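Take a look at the letters that make up each chain.
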Amino acid sequence: MATFQLDIVSAERHVSSDQVEVLVAPGIDGEMAILPSHAPLLTILKPGEIRVVKDGQDSFIAVSGGFMEVMGNRTVILADSAERAEEIDEARAQAAFDKAEERMTSRDTDVDFERAVQQLARARTRLQVARRRRPMAPTPPTG
Amino acid sequence: MPSTKDLRDRIKSVSNTAKVTGAMQLIAASKMTRAQNMVREGRPYAERILEVLGDLAALAAKEDDELVVDLLRIRPVHKTLVVLVTPDRGLAGALVGNLQRAAGRFIQDTEGEVSVIGVGRKGERFITRAGEDLLAAFSVTDRPRLDDTVTISRMLIDEYAAERVDRVVLIYATFITTVVQQVTTQQLLPVEPPERGEGDVAKLQQLDYIYEPSVTEVLASLAPRYIETQVYHGILEAIASEHSARMIAMKNATDNANEIVEDLTLDLNKARQESITAELLDIVGGVAALEG
């Protein structure tokens, strides 16, 4: 199957670089799938899950927003931060999620609400992505 | 002539100093390598975001001048904000002095008001002592994450957006090689996107990119990211410079201490031989007197 080059970089590190078949990313106006020879595109990304298909195998990456540029047969994702599913410690992601939820619901006026919402969204994505790699996890319908 | 005991004490004390500076040299070397790796890891992102920024700014300017986002708009400069990145601690050779001198000169040469945000204690103290306006002071760790520096960049963007300042400049040391650190003055705001020629713009238009949601919105969202990246990278460069300067300073200190130990050891040997010679003379003289 035809492939294209996908580079995922963040300000802190080079996250991954690979030849892939399909990429599904959380665009600002909704999820979008990129296949080889896609038209040139530049979009803002929302926090969410990136799904990559390589050799028919799915893999997942959590991003907390950023940009995606598609040009010819090369796609670059400039992520605010990005983590591959296998890099995320599920127990810690769960702890972060619980903490974010607690902050959201607390009546403490010191809590920056907008920030708490963002943190919660980010924690939820990471948790979701971390769970993806468990073999027993139910796989959602693809395509 | 100092006694052999005095010499022995001094040798001991100097070699202890050499041990301390030697250890500091090794620590600085490992921290330097780490900071350099962090700079390298982040480079692809920084380079790409700069390119995209240049393309978008050129496109936006071409289509309609009104489309240019606020962070890129140039306005008359009444007040300048300087972000001075320095180490927290000294023992880094001439680095701190060079940074302070550069900052002092910049403030002097700038027309209009100047405020300073100090990142690192050395710069903060310098500004307070010089009686300049210190707007805020930050301290970062040796291994900053992007999140740690975002507080600083957000503050710069807020000050600029609220028109409390009209220009923001970053002063920091760039890591050139292990022995060379260069003090760099870089304009952050208004953002200066890389220049694009007519041909480049035509080519971009021909490629017919799809922008979601739109050129201006992508640019407006990209510009603050670019500032965050620049601040983060400036700080990483500064950390790499600090540790390389400290490593060299400590290497020199260790070498000097070892040299002193050698000299003192020579003196000690001489002093010991002299006292032995003197004692021998005494004994020989005594025997001669008895026999006489």
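The shown structure was predicted, so the numbers you read here are calculated from the model rather than taken from an experiment.

Student: I'd love a proper account of the pairing of strand E5 (residues 41-54) of chain A, names of residues and values included.
Tutor: Taken residue by residue, a regular strand's side chains alternate between the two faces of the sheet. For E5(A), a buried count of 11 out of 14 residues is recorded, marking the element as mostly surrounded by other parts of the structure. Note that strand E3 (residues 22-27) of chain A and E5(A) share four bridges and pair antiparallel. Across the sheet, residue A:Val24 finds its bridge partner in E5(A), namely A:Arg51. In this structure, E5(A) lies alongside strand E6 (residues 210-212) of chain B, joined through three bridges in parallel fashion. Its bridge partner lying in E6(B), A:Thr43 is registered against B:Glu212. Two strands pair when backbone bridges link them, and E5(A) and strand E6 (residues 57-71) of chain A are joined in this way by 13 bridges, in the antiparallel orientation. What sits directly across from A:Val52, in E6(A), is A:Ser59.

Student: Please provide a residue-by-residue account of the interface of chain A and chain B, values included.
Tutor: Between chain A and chain B, the contact holds 24 residues from the first and 26 residues from the second. Both faces combined, the contact of chain A with chain B buries some 2,300 Å², and carbon together with sulfur accounts for 61% of it. Contact with chain B buries surface across chain A, with A:Ala11, A:Glu12 and A:Leu42 losing the most and accounting together for 30% of the total. Across the chain A-chain B interface, the total number found is four salt bridges. The partner of B:Asp147 in a salt bridge is A:Arg122, with the nearest N and O atoms 4.0 Å apart.

Student: Can you explain a nonpolar patch on the surface? Please cite residues and give values.
Tutor: Residue and element names in this part refer to chain B. On the surface, Ile-276, Leu-280, Ile-283 and Val-287 cluster together into a nonpolar patch covering about 360 Å² of accessible area. Along the chain, the position of Val-287 falls in helix H6 (residues 215-291). Judged by relative accessible area, which is 40%, Val-287 ranks as partly exposed.

Student: Provide a residue-level description of the side chain of B:Thr174, including the pertinent values.
Tutor: All names here are of chain B. Tracing the backbone shows Thr-174 in strand E4 (residues 167-175). Here the side chain of Thr-174 touches Thr-184 through a polar contact of 2.3 Å, side chain to side chain. The residues contacting Thr-174, other than those within four sequence positions of it, are Val-180, Gln-181, Gln-182, Thr-184, Glu-237 and Ser-241.

Student: I'd like a rundown of the sheet that holds strand E5 (residues 181-189) of chain B, residues and numbers included.
Tutor: Residues and elements named next belong to chain B. With mixed pairing, five strands are arranged side by side in an open sheet as E3-E2-E1-E4-E5. At either end of the open sheet lies a strand with only one pairing partner, and these are strand E3 (133-138) and E5. Averaged over all adjacent pairs, the angle separating strand axes in this sheet is 20°, with direction ignored. In this fold helix H4 (residues 146-161) packs onto strand E1 (79-85), strand E2 (113-119), E3, E4 and E5, with an angle of close to 150° to the strand it touches most, E3.

The rules behind these values
- Counting of residues starts from 1 at the beginning of each chain's written sequence and follows it residue by residue.
- Following the order in which they are written, the chains are lettered starting with A and the ligands numbered starting with 1.
- This being a predicted model, a pLDDT of at least 70 is required before a residue's local features are given, and a value of 80 or more before pairs of side-chain atoms are given or counted; all residues contribute to the totals for chains, interfaces and linings.
- The basis for every side-chain value is the complete set of non-hydrogen atoms in the structure, without hydrogens or water.
- Only protein chains enter the accessibility calculation, which uses a 1.4 Å probe; a residue is then buried when its area is under 20% of its type maximum, exposed when over 50%, and partly exposed in between.
- Helix and strand assignments follow DSSP, with helices taken as H or I runs no shorter than four residues and strands as E runs no shorter than two, numbered in order from the N terminus.
- A strand pair is defined by DSSP finding two or more bridges across the two strands.
- When checking whether two residues touch, look at their non-hydrogen atoms; a contact exists if any pair is within 4.5 Å.
- Summed over both partners, the accessible surface that disappears when two parts come together, traced with a 1.4 Å probe, is what is meant by buried area.
- Salt bridge, as used here: a side-chain nitrogen of Lys or Arg that lies within 4 Å of a carboxyl oxygen of Asp or Glu.
- Patch members must show over 30% relative accessible area and no salt bridge, and they are joined within 9 Å when carrying like charges or within 5 Å when they are nonpolar side chains of Val, Leu, Ile, Met, Phe, Trp or Tyr.
- Only the protein chains shown count as cover for residues, with accessible areas throughout obtained via the Shrake-Rupley method and a probe of 1.4 Å.
- In the analysis that follows, any N or O atom pair within 3.5 Å is treated as a polar contact, provided that within protein one partner can donate a hydrogen and the other can accept it, and provided that, for residues neighboring in sequence, both atoms belong to side chains.
- Lines are fitted to the C-alpha atoms to define the axes, a helix being fitted only along its stretch in contact, and any angle between axes, read from their N-to-C directions, falls within 0 to 180 degrees.

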